[in-house]
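The lines below spell out each chain.
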Amino acid sequence: MDSTMRRVVVVGGSAAGWTAAARLARARPGTVAVTVLQTPRAAPDLMETGQVTAVPPEFQPMVLDPLGVTEDHWTRACGASFRTAVRYVNWRSDGAYGSGARALADGTADHFYRPYAAVPECENGPLSHYWRYLRSGGRTLEPSDYACFHEPPLMDARKSPRWLDGRTAFPYGWHVDTGRFGAFLRDLAVRRLGVRVLHDSVRSVERDGNGMLTVLHTEKGRRIEGDFFVDCTGREGLLLSKVLGEPFVGAEGRLLCDGAATVTVPHDDRARGIEPFATATAVPEGWSWKLPLPGLFGAGLLYSRARTGPYEAEGRLCALYGLDPERAEVRHVRHRFGRSRRAWVKNCVALGAAAGQVEPLAGDALTEVMEAVDLLIREFPSPDAPEAPAARFNRAARERYERAADAVQLHYAAAGRTDAGFWRAQRALPPSAALARHLDAHRRGSAPGPGAEAHHALLSALIAAAPDADAAPGPGPAALRAAEERLTRVKRRQNILLETLPTAHAYLERLHERAAA
């Protein structure tokens, strides 16, 4: 980062905005002044569904550890719960819809888990690849997630990912109260890193003769000068789209959903425990999410507005969680999935939904923000060449978006849903060339290449069938024996963790009671 590029202005006080401000301020303390213009927001991004935000595991080591902020401190302050995995319900079968998992033909329940933990390795490849051949040969009956990962039976038992003494059993993220999380990040950036915050709205923007942004004029009469600007205004894209006029590339040819209904639901943790995972449930109109916090959960339904009206979506959402539509405070949000053609234009970079957004099935949006901020720090421009790194940054942003869009479309392409018009229409949309290669490789039984392990694990969970007749040669006998031994070790570890870990409710109750005291 060139120390003469001294004034960075972040517009938008979302989780993305405050994460960017904190990372940028810490990257060059004392030489770069960071100002956050916290503007009013018309609606939350899908990163922030109602009252709950999903925070990925890497947030602690990448953002908070360097500032000396302990996990217990910030999770108490933000009313956090655990997010160890995502549980998928009713994605593999047709039938009646509800929040509970249906029975599949083999008698197992139509649900599976996708943990944060990496797919275990075996013989220089993912264990899920060998599991598929063991399953087709009758040498294991367990589903891929229960066979290959430690977490699924622990999630069924609603176990904490940490022992009571604070030791960690397996990777996990968090669900946090959106308002408290934003306030915590703001206070952290302001008090520890010297970030300046202004609560105001942009009225107009000055640009120089080269089109560079120079000054923001606000509704309260402020004049905010900057050398570099970061647009974190969500779908509005206040600077990148509205001021700089960067075109938007929509995802309509790949993804149909564009509307969401969200609601916050009270929950009796003492009577029913607390789920240390998120849930994604397939419904006729699209899919529903559930994000638990202590004493409540945030829920939502993502759907296509061309096929489903808001009242129909609201009714489905309320039916899923036993709510009275007349009393429930359901919020409706329109979404536009896709990306800005470029994320870096002139002396402005867009992050989060201002740069691009797909359905949350792709993963945690804050992960994408942190990756983009890290690249921005490495590629930060000098005043005499403010666009020099833009091409590299934009290429990386485009590749991140394409990977995310592929991840979302993979869920639909491999799902077993065919009994509703939405699902048939979504599956009919053509995949990208990269996604088509993943699907073909899985059909033929090929081992996944580097970087494709997560896609392979998802396909193994959604499609348990044996490879096609024209499949590539499978693993040899020695490799399959090694895989069986690895599965045995996984099962042994599961049993130990089931016996020794506390429930998520017990751990969180103790954590938050200390905060109250």
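Every chain is numbered on its own, with residues counted from 1 as its sequence reads. Totals for whole chains, interfaces and linings use every residue, but because this is a predicted model, local features are given only for residues with pLDDT of at least 70 and side-chain atom pairs only at 80 or more, for both listing and counting. With hydrogens and water stripped out, all remaining heavy atoms of the structure feed into the side-chain values.

**Brief notes about the nonpolar core**
Counting residues in hydrophobic clusters, the biggest one holds 75 residues, and the most contacted among them are Trp 74 and Phe 181. Helix and strand definitions follow DSSP, with helices as H or I runs of at least four residues and strands as E runs of at least two, each counted in order from the N terminus. It is helix H11 (residues 365-378) that provides the largest number of residues to this core, a total of 8 residues. Residues in contact with Trp 74, not counting those within four places in the same chain, are Val 55, Gln 60, Leu 64, Val 69, Trp 174, Val 176, Phe 181 and Phe 184. Nonpolar core, defined: a set of buried Ala, Val, Leu, Ile, Met, Phe, Trp, Tyr and Cys residues in which side-chain atoms within 4.5 Å join the residues together. A simple rule labels every residue: compare its accessible area, found with a 1.4 Å probe on the protein chains alone, to the largest value its type can have, and call it buried under 20%, exposed over 50%, or partly exposed in between. Judged by nonpolar contacts, the second largest core, of 40 residues, contains Phe 337, Ala 420, Leu 429 and Leu 462. Throughout, a residue-residue contact means that at least one pair of heavy atoms, one from each residue, lies within 4.5 Å.

**Some remarks on the sheet that holds strand E2 (residues 33-38)**
Pairing within the open sheet is mixed, and its 6 strands lie in the order E11-E2-E1-E15-E24-E23. The two strands at the open ends of the sheet, each matched to only one other strand, are strand E11 (196-199) and strand E23 (344-345). What makes two strands pair is DSSP finding at least two bridges between them. Where strand E1 (residues 7-11) lies against strand E15 (residues 228-231), 4 bridges are found, and the strand directions are parallel. In the strand pairing of E15, Val 10 is matched with Val 230.

**Looking at the pattern of salt bridges**
The salt bridge criterion pairs a side-chain nitrogen of Lys or Arg with a carboxyl oxygen of Asp or Glu, the two atoms within 4 Å. A complete count under the given rule lists 32 salt bridges for this structure. Put simply, Asp 106 and Arg 135 hold a salt bridge, and the shortest N to O gap is 3.5 Å. Here Asp 106 is found in the loop between strand E6 (85-89) and strand E7 (111-115), whereas its partner Arg 135 is found in helix H4 (residues 127-136), with 29 residues between them in sequence. Overall, Asp 106 belongs to the partly exposed group, its relative accessible area being 48%. The network of salt bridges with common partners includes Arg 7, Glu 206, Arg 223, Glu 225 and Asp 227.

**Focus: the packing of H4 against helix H16 (residues 477-500)**
Packing of H4 against H16 brings their axes to within 10 Å, and their N-to-C directions diverge by 110°. Considering their axes alone, H4 and H16 lie roughly perpendicular with respect to each other. Note on element contacts: H16 touches H4 through Ala 479, Leu 480, Ala 483, Glu 484, Arg 486, Leu 487 and Val 490, opposite Leu 127, Tyr 130, Tyr 133 and Leu 134. Residue polarity follows a fixed list, in which Ala, Val, Leu, Ile, Met, Phe, Trp, Tyr, Cys and Pro are nonpolar, Asp, Glu, Lys and Arg are charged, and the others, Gly among them, are polar. Broken down by class, the residue content of the contact of H4 with H16 amounts to 9 nonpolar, no polar and 2 charged. Only the contacting stretch of a helix is used when fitting its axis, a line to C-alpha atoms as for every element, and angles between N-to-C directions run 0 to 180 degrees. Working rule for angles: under 35 degrees goes down as roughly parallel, over 145 as roughly antiparallel, 65 to 115 as roughly perpendicular, anything else as oblique.

**Overview of the packing of aromatic side chains**
Geometry of aromatic contacts follows a simple scheme: Phe, Tyr and Trp rings, the Trp one being its six-membered ring, pair when their centres are within 6.5 Å, and the pair is stacked under 30 degrees between planes, edge-to-face over 60, tilted otherwise. The tally for this structure, following the rule as stated, stands at 21 aromatic pairs. Judged by centre distance (6.3 Å) and plane angle (65°), the ring pair of Tyr 113 and Tyr 146 falls under edge-to-face. One end of the pair, Tyr 113, is in strand E7; the other, Tyr 146, is in helix H5 (residues 144-148), with 33 residues separating them in the sequence. Seen from their ring centres, Tyr 412 and Phe 422 are 5.8 Å apart, and the 80° between their planes marks the pair as edge-to-face. Pair noted here: Tyr 412 is in helix H12 (residues 390-414) and Phe 422 is in helix H13 (residues 421-428), with a separation of 10 residues, a long-range link. Taken individually, Tyr 412 and Phe 422 each receive the classification buried, so the pair is uniform in this respect.

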